[in-house]
Amino acid sequence: MSIASMLAAHEKHHGSFNDRLHVWAAAGTPRGSPLSSHLGIGQACKEHDIGLTMHCAEAPKDLTIYKDLYSCTPMQFCQDAQLTGVKTVLAHMVHLDLPVDLPILKETRTTVAHNPNSNCKLASGIASVPEMLDAGVNVSLGTDGAPCGNTYDMFREMHLAGILHKGSHLDAKAVGAETVLEMATMNGAKALGLDKEIGSIEIGKKADFVVVDPRGLYCAPYDEEDVLSGGVDPMTTVVYSCTGNDIEMVVVDGECLVKDRKLVKVDELEIIEAAKKSIRGIRERSGVKAENRRGWKYV
């Protein structure tokens, strides 16, 4: 999409559906493309107050690419291209030059979207999230695209974010449950510039929340009646035990979209069948099919 098309789409659709639809720019990952192209995107977004997101420093070779092709670090590139700021969300950020990049992230108030599931599945590496948090960087939580992690379950992402950095840093206190929950809620709202409207349940904010039912066997011995008397902490249960299947209700801007664990406005079976039909078409047109690499026989 050209910058002109982006601006036209923003003018037409941004703020629609009672301000629930926001149009942002999505810049391609710099891997040899001219810095001037990214600068054009950055300048257009700043001039028109448009949010911007980009996958950055994801793959193991990306840091070398930035240094060899652009003679700079990932965040120096972003700063030179005017891609930084309070309305910028950079996904992944696994391979950084920390002494150089962390101060730029903090000073420009640029958000990082941590995608632990995708980063592990694609063997991209582990982002330096504890270091980012210690440096005062706003770190939110994401899922990446479904092909990169198989699911959009934010509860799985929370669980992995809550254990991955403990293992890699040999520190059981690294990125605790409270921090992970903030990454998935408050920090995400801040990343979108919506922290005064959503992200927490407060007077004056929109009614955006999920209701979680942690009564599954895998959540035992959690007991809500014992929380105030020193029982299992609810944040610990949500982050380390629950999955998306435990969501009983979803309310967005005061409107109930999930009730009794089912979508209210659409038919889930229709979505599943449409997905099956779509993927069959993609396979037929592309000729790309999954391979049985392990010799397993399916009957």
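The paragraphs below set out a description of the structure included in this document. For every chain, the first residue of the written sequence is number 1, and numbering continues from 1 along that sequence. For this predicted model, a pLDDT threshold of at least 70 governs which residues receive local features, and a threshold of 80 or more governs which side-chain atom pairs are given and counted, while totals over whole chains, interfaces and linings are taken from all residues. As a rule here, side-chain values come from all non-hydrogen atoms in the structure, and water together with hydrogens is ignored.

Right, let's talk about the sheet that holds strand β4 (residues 111-114) for a bit. The parallel open sheet is built from five strands, whose spatial order is β1-β2-β3-β4-β5. The open sheet terminates on both sides in strands that have one partner only, identified here as β1 (25-27) and β5 (139-141). Strand-to-strand, the axes of this sheet are offset by a mean angle of 30°, without reference to chain direction. Two strands are counted as paired when DSSP detects at least two bridges linking them. A run of H or I in DSSP becomes a helix once it reaches four residues, and a run of E becomes a strand once it reaches two; helices and strands are each numbered from the N terminus. Here strand β3 (residues 88-92) pairs with β4 via three bridges, running parallel. Bridging across to β4, V89 finds its partner in T111. Packing against the sheet, helix α3 (residues 35-48) makes contact with β1 and β2 (52-56), and its axis sits at approximately 150° to β2. Fitted lines through C-alpha atoms serve as axes, helices being fitted only where they are in contact, and the angles separating the N-to-C directions of these axes extend from 0 to 180 degrees. In this description, contact between two residues means that some pair of their heavy atoms is separated by no more than 4.5 Å.

Each salt bridge in this description consists of a side-chain nitrogen of Lys or Arg and a carboxyl oxygen of Asp or Glu lying within 4 Å of one another. Following the criterion strictly, the structure yields eleven salt bridges and no others. Between E197 and K206 there is a salt bridge, and its shortest N-O distance comes to 3.4 Å. Relative accessibility decides the category of a residue: with a 1.4 Å probe and only protein chains considered, values under 20% of the type maximum give buried, values over 50% give exposed, and everything between is partly exposed. E197 sits in the partly exposed class, given a relative accessible area of 28%. For K206, a relative accessible area of 26% translates into the label partly exposed. Notably, a salt bridge pairs R261 with D213, separated by 3.0 Å at the nearest N-O pair. Of this pair, R261 sits in the loop between β8 (255-259) and β9 (262-263) while D213 sits in the loop between β6 (209-212) and α13 (234-240), placing them 48 residues apart in sequence. With relative accessibility at 37%, the residue R261 sits in the partly exposed group. Relative accessible area serves as the criterion here: at 11%, D213 is assigned to the buried category. If you follow the salt bridges from partner to partner, you end up with R20, E255 and K265 in one network.

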